[in-house]
Amino acid sequence: MKNISVIGAGTMGNGIAHVFAQNGFKVTLIDVSTSALQNGIETIERNLDRQVSKEKITETIKSNTLANIQTATLISEGIKRADLVVEAATETEQIKMEIFEQMDKHAPNTAILATNTSSISITKIAAGTNRADKVIGMHFMNPVPIMQLVEVIRGYATSDETTTTIMSLSKELGKSPVEVNDYPGFVANRILMPMINEAIITLHEGVAGIEEIDTVMKLGMAHPMGPLQLADFIGLDVCLSIMNVLYKGFGNSKYAACPLLVNMVTAGALGVKSGEGFYQYKKGTKELIVSSRFKK
């Protein structure tokens, strides 16, 4: 595999493009928005500069990485020579299904089609294509250039050959792939999201405040980040979407999203991306400030 196409220039998409390009692959980063593409490339460049300043890479590696990336606004043009297409669009089933229809239509017949979904069924996505054996999940963790894990998810029809190829490819990127089967939430979010949801319920029921809940989990459980801060970082809309997938997939009330989470997403308080969630976020400061809505 030499030619990689990544659909979606947002946080996950530009991170995936960065990692592939830095490891010598030719990458086409695709997004319908030219501004999103520009922002994506600028983010990659900033992250490369950070690596240079920490002496993790050289200026030559930075230059070569950027040279390995081109951009496109049309899926049909951006994937026509791809060996692998990685979809990293919004965590919405309908959007992913529509994108995969185009991926299946325009990518070479030999190409593997991967999705960076964190919870949506690989089997269902694959069923909408004519190459279910070549459809697989590649769930990278955020931030992609730093986090080691790649959750490799086999759909019902994913072939052994496809799985072996993606496991090996993930190792080429310096990642640690873990193979899992296709059930709601896979492993990472089946365990993580109910914990985050329970933290929100604990806040909602008045058991403790935001800082107290996060402090207990950081100091008591050795988590590097508290669950409420992590929810802000992931995006509360994404958290809600994943909880809904779990609830629908298992039909068990223990996966029902906390009403507070639902209300916050409805109000547009999505966390870091909107500037406010459980905490407030301002550019130029790293100080963690509890949202004024939750202050006593």
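The notes below deal with the structure included here. Predicted model only: the values in this text are computed from it and were never measured.

Quick word on the pattern of salt bridges
Inspection of every chain in the model, using the stated rule, returns 12 salt bridges. The shortest N-O distance in the salt bridge between Glu-45 and Lys-62 comes to 3.9 Å. Of this pair, Glu-45 sits in helix H2 (residues 34-53) while Lys-62 sits in helix H3 (residues 59-67), placing them 17 residues apart in sequence. The partly exposed category is assigned to Glu-45, whose relative accessible area is 33%. The buried category is assigned to Lys-62, whose relative accessible area is 11%. Glu-91 serves as the salt-bridge partner of Lys-96, at 3.8 Å between the closest nitrogen and oxygen. Looking at Glu-91, the relative accessible area reads 11%, which means it is buried. It is possible to trace a salt-bridge network through shared partners that takes in Glu-45, Asp-49 and Lys-62.

Re the packing of aromatic side chains
This model, assessed by the stated rule, comprises three aromatic pairs. Taking the centre distance of 5.7 Å and the plane angle of 35° together, the rings of Phe-278 and Phe-294 count as tilted. Of the two residues, Phe-278 is situated in the loop between helix H12 (259-266) and strand E9 (279-280) and Phe-294 in the segment after strand E10 (289-290); the sequence distance between them amounts to 16 residues. On the accessibility criterion, Phe-278 (0% relative accessible area) is buried. What makes Phe-294 partly exposed here is its relative accessible area of 25%.

As for unusual backbone geometry
The residue after Asn-142, namely Pro-143, is reached through a cis peptide bond having omega 0°. Tracing the backbone shows Pro-143 in the loop between strand E6 (135-140) and strand E7 (149-154). Here Glu-55, not a glycine, exhibits a phi torsion of approximately 60°, which is positive. With respect to the element layout, Glu-55 can be found in the loop between H2 and H3. At Ala-222, a residue that is not glycine, the phi angle is positive and equals roughly 60°.

Definitions and limits used
Residues numbered from 1 in each chain as written. Predicted model: local features only at pLDDT ≥ 70, side-chain atom pairs only at ≥ 80, totals over all residues. Heavy atoms only, no water. Salt bridge = Lys/Arg side-chain N within 4 Å of Asp/Glu carboxyl O. Helix = DSSP H or I, 4+ residues; strand = E, 2+ residues; numbered from the N terminus. Buried < 20%, exposed > 50% of the residue type's maximum accessible area, 1.4 Å probe, protein only. Phe/Tyr/Trp six-rings, centres within 6.5 Å; stacked < 30°, edge-to-face > 60°.

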